[in-house]
Amino acid sequence: GAGVSQSPRYKVAKRGQDVALRCDPISGHVSLFWYQQALGQGPEFLTYFQNEAQLDKSGLPSDRFFAERPEGSVSTLKIQRTQQEDSAVYLCASSQQGFNSPLHFGNGTRLTVT
Amino acid sequence: GESVGLHLPTLSVQEGDNSIINCAYSNSASDYFIWYKQESGKGPQFIIDIRSNMDKRQGQRVTVLLNKTVKHLSLQIAATQPGDSAVYFCAELPNAGNMLTFGGGTRLMVKP
């Protein structure tokens with residue numbers, strides 16, 4: 001595709017529900033990243049994939065957060081038992097070569113936990 | 001769409017003037033820097049990057065300046081247009097690091 005695509009665009013979940021956020025990276029991009037952006041702040045790193053391998057998950061805030069990229073293309077970020085503090089915009093980005101080439105971001109999924 | 005940067009520092013400029021957005025980065029070991037533009041309801045959009053072996057790089061209407069001595073990065077936008085109104089973030093990557101870290105952002109407002 002022309003750019004990084006994320007779905008859904010908006011997600012409202014009741015506290016305690018599980019959610020799954022999808023990311024379709026730019027075709028051919030080896031690296032995929034997930035970031036979390038709270039209102040009024042810069043994006044914060046969550047996790048990073050090189051092909052299907054999750055090389056860094058140090059930014060995931062708790063064990064309720066889980067990301068996968070089983071075939072090295074589409075990725076899913078799953079949040080279990082959502083809490084109000086999980087409300088944020090979740091951004092996905094891809095790049096040709098890790099962090100040393102520009103990250104191209106999708107428009108994000110805005111998650112609201114009520 | 002949702003608003004980005006409700007409480008960010010704001011720079012207000014007149015259309016046609018030049019804009020300078022500043023960023024102080026934290027890690028002296030950072031060797032790759034990127035400026036991103038984020039419009040309301042959208043993801044960050046790459047503008048320009050610079051590596052630490054350079055102190056200036058120019059793009060179309062934009063220039064990035066890097067001062068490693070004082071750990072300062074700036075983005076200059078020439079002839080600012082209403083379409084430049086957005087929140088601007090600088091991001092840094094430490095040498096051999098694996099995490100692109102974003103600064104707090106500056107909101108640019110262009111007055112017609």
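Before reading on, note that the structure itself is shown above.
Since this is a predicted model, take the numbers as computed values, not measurements.

(A) Examining the interface of chain B and chain A more closely. Tallying the contact residues gives 26 residues for chain B and 23 residues for chain A. Together chain B and chain A conceal approximately 1900 Å² of surface at their shared face, both sides included; 56% is due to carbon and sulfur atoms. Summed over the shared surface of chain B and chain A, the number is zero salt bridges. The interface formed by chain B and chain A contains five residue pairs in polar contact (both at pLDDT 80 or more). Mapped by element, the contributors of at least two residues to the side of chain B that touches chain A are β3 (30–38), β4 (45–51) and β8 (86–94) of chain B. If you tally residues by element for the side of chain B that touches chain A, the top one is β3(B), at four residues. Considering only residue class, the side of chain B that touches chain A consists of 13 nonpolar, nine polar and four charged.

(B) The pairing of strand β11 (residues 109–113) of chain A, seen in detail. Residue and element names in this part refer to chain A. Burial along β11 is one-sided: the residues Thr109, Leu111 and Val113 are buried and none of Arg110 and Thr112 is. With four bridges joining them, strand β2 (residues 10–13) and β11 adopt parallel strand pairing. Across the sheet, residue Tyr10 finds its bridge partner in β11, namely Arg110. Looking at chain direction, strand β9 (residues 88–95) and β11 are connected through three bridges and run antiparallel. Bridged to Ala88 within β11 is Leu111.

(C) Seen up close, the state of the cysteines. All names here are of chain A. Tallied over the full model, the rule gives two disulfides over all chains. Through a disulfide, Cys23 is tied to Cys92; the S-S separation comes to 1.9 Å. On the sign convention where negative means left-handed, the S-S torsion of about -70° between Cys23 and Cys92 marks this disulfide as left-handed. Of the two residues, Cys23 is situated in strand β3 (residues 19–24) and Cys92 in strand β9; the sequence distance between them amounts to 69 residues. Both residues of the pair, Cys23 and Cys92, count as buried.

(D) Region of the structure containing the packing of aromatic side chains. Considering all chains together, one arrives at eleven aromatic pairs over all chains under this definition. Taking the centre distance of 5.6 Å and the plane angle of 80° together, the rings of A:Tyr35 and B:Phe102 count as edge-to-face. Of this pair, A:Tyr35 sits in strand β4 (residues 31–37) while B:Phe102 sits in strand β9 (residues 101–102), placing the two residues on different chains. In this structure an aromatic cluster arises from ring pairing among A:Tyr35, A:Phe45, A:Phe105, B:Tyr36, B:Phe46, B:Phe89 and B:Phe102.

(E) Representation of the pattern of salt bridges in the model. Counting across every chain of the model gives six salt bridges over all chains. Measuring nitrogen to oxygen at the nearest pair gives 2.8 Å for the salt bridge that ties A:Asp24 to A:Arg22. Judged by its relative accessible area of 23%, A:Asp24 is partly exposed. Residue classification places A:Arg22 among the partly exposed residues on the basis of a relative accessible area of 38%. B:Glu39 is the partner of B:Lys42 in a salt bridge, and the nearest nitrogen-oxygen pair spans 4.0 Å. Classification of B:Lys42 by relative accessible area gives partly exposed; the value is 43%.

Thresholds, definitions, all that
- Residues numbered from 1 in each chain as written.
- Chains lettered and ligands numbered in written order.
- Predicted model: local features only at pLDDT ≥ 70, side-chain atom pairs only at ≥ 80, totals over all residues.
- Heavy atoms only, no water.
- Contact = heavy atoms within 4.5 Å.
- Buried area = accessible area lost by both parts, 1.4 Å probe.
- Salt bridge = Lys/Arg side-chain N within 4 Å of Asp/Glu carboxyl O.
- Polar contact = N/O pair within 3.5 Å; in protein donor to acceptor, adjacent residues only side chain to side chain.
- Helix = DSSP H or I, 4+ residues; strand = E, 2+ residues; numbered from the N terminus.
- Nonpolar A, V, L, I, M, F, W, Y, C, P; charged D, E, K, R; others polar.
- Buried < 20%, exposed > 50% of the residue type's maximum accessible area, 1.4 Å probe, protein only.
- Pairing = 2+ DSSP bridges.
- Disulfide = S-S within 2.5 Å.
- Phe/Tyr/Trp six-rings, centres within 6.5 Å; stacked < 30°, edge-to-face > 60°.

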